Every structure is written in C-alpha cells, then in structure tokens.
Amino acid sequence: VMADETKCKEDMELFDQRVAGVLAKKKDELDALSNQELMDLCLEKGLKQGTAKKDRTERLLMDLQQSGEVEAAVAAIARKERRADLLALDQETLLKLCTKLSVDPLLKCVLVERIMTKENGGFDGSNEVEDEPEAAEEPKELEDEVLDEKEQAEEPVMKKPRGRA
C-alpha cells in the first residue's frame, strides 16, 4: 500500500512538472505575440480583453487550463516518452510485457503501421501513433487478387488436346 502511495505521489509530481513546462512554453509563445494579436485571441475565445498584455496572457493561459488543452499536451508528452521507452526495450522483454498485459503482439493495425512505415522509408508521416485506428474497409483490390489466386488453384487446368497423327 505504501509503495502504491509513493508511486502515485511521484506520478502527480511528474504530472505537475509537465504541466508547468507546458504552461511555461505556452507563456513564452504568448509573450512573443503583439498586444493586438493577444486581443484578437481573447476575442476568438470569448474572453475579456483587458488592457494590459499581462492580463491577456494570463486569461489565455487560464483558458488553456480550463479547456483541457494543457492536459492533452501533457498526455501527448507522456505518450511520446512511453513510446520511446518501449522502443528501447529488447524483443524478449516486449513479448513478456505483452503476455503480462494480455496484449496480442501481432495486431493487424500494428502490422499495417509497420508496413506503411517501411514503405515510406522509415517515415510514418506523424509523430504519434493513434490509440485506436479508424475502422476502414479492406482494400478491394488486394482481396480480389487473393480470391483470383484461390479460384485459379481450384479451377482445373485445361490441357490442349493433342493432335493425332
């Protein structure tokens, strides 16, 4: 029980550090904007404009926290770090982890992602992997090719009749 509480405290401290980092980065971005740009952002978000640049920046930062954008950014950071940690593990350790978590290591979405990444020269076109891929129809061309090969194997081969001499 004590170990769980310690782990929870550490996780909360890490979360708070990440939130502070995201807010600091966003504050720097907002500080780089002009007063007019900050006023326009406040108008877009339906916030009070205020008169000072500092007030506008604080309102925008508070809105980010209340809208959940900060938590989403922190979650993306955590996911990226976890992905890097998992990629650093050897195959045997990953298989043990899959077994422990009852995860099928040969999921179709993973295989599709790997094939696409390999075909694109190692670049998958994004920085992150989606949690759950969208349900997409199977490409009909591939299915047709597979069916044609099966049908061809089932059909008897017609031989040319030999001419009698």
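Analysis parameters
- Residues numbered from 1 in each chain as written.
- Predicted model: local features only at pLDDT ≥ 70, side-chain atom pairs only at ≥ 80, totals over all residues.
- Heavy atoms only, no water.
- Helix = DSSP H or I, 4+ residues; strand = E, 2+ residues; numbered from the N terminus.
- Buried < 20%, exposed > 50% of the residue type's maximum accessible area, 1.4 Å probe, protein only.
- Contact = heavy atoms within 4.5 Å.
- Areas by Shrake-Rupley, 256 points an atom, 1.4 Å probe, with all protein chains shown as cover.
- Salt bridge = Lys/Arg side-chain N within 4 Å of Asp/Glu carboxyl O.

1. Overview of the overall build of the chain
Point 1. Counting its secondary structure elements, the chain contains seven helices and zero strands.
Point 2. Each of the 165 residues in the chain was classed as buried or not, and the buried ones make up 12%.
Point 3. Once local pairs closer than 6 in sequence are excluded, the contacts in the chain between residues at least 24 apart make up 43%.
Point 4. Split by element, the accessible area of the chain, about 14,200 Å² in all, is 55% carbon and sulfur.

2. What to know about the side chain of Thr57
Point 1. Looking at the element boundaries, Thr57 is found in helix 3 (residues 53–67).
Point 2. The contacts of Thr57, once residues within four sequence positions are left out, are Lys27, Leu30, Asp31 and Leu38.

3. Describing the pattern of salt bridges
Point 1. Taken as a whole, this structure holds seven salt bridges when the rule is applied.
Point 2. Between Arg18 and Glu81 there is a salt bridge, and its shortest N-O distance comes to 2.2 Å. Of this pair, Arg18 sits in helix 1 (residues 2–31) while Glu81 sits in helix 4 (residues 69–88); the two residues are 63 residues apart in sequence, bridging distant segments of the chain.
Point 3. Residue Arg18 is classed as buried on the basis of its relative accessible area, which comes to 16%.
Point 4. What makes Glu81 partly exposed here is its relative accessible area of 39%.
Point 5. Ionic pairing is found between Lys26 and Glu29, a salt bridge with its closest N-O pair at 3.4 Å. Within this pair, Lys26 and its partner Glu29 are both found in helix 1, separated by three residues, close to a single helical turn.
Point 6. Taking relative accessible area as the criterion, Lys26 reaches 29% and is therefore assigned partly exposed.
Point 7. Three or more residues are tied together by salt bridges with common partners; here these are Lys45, Asp63 and Glu69.

So yeah, pure geometry; function would need other evidence.
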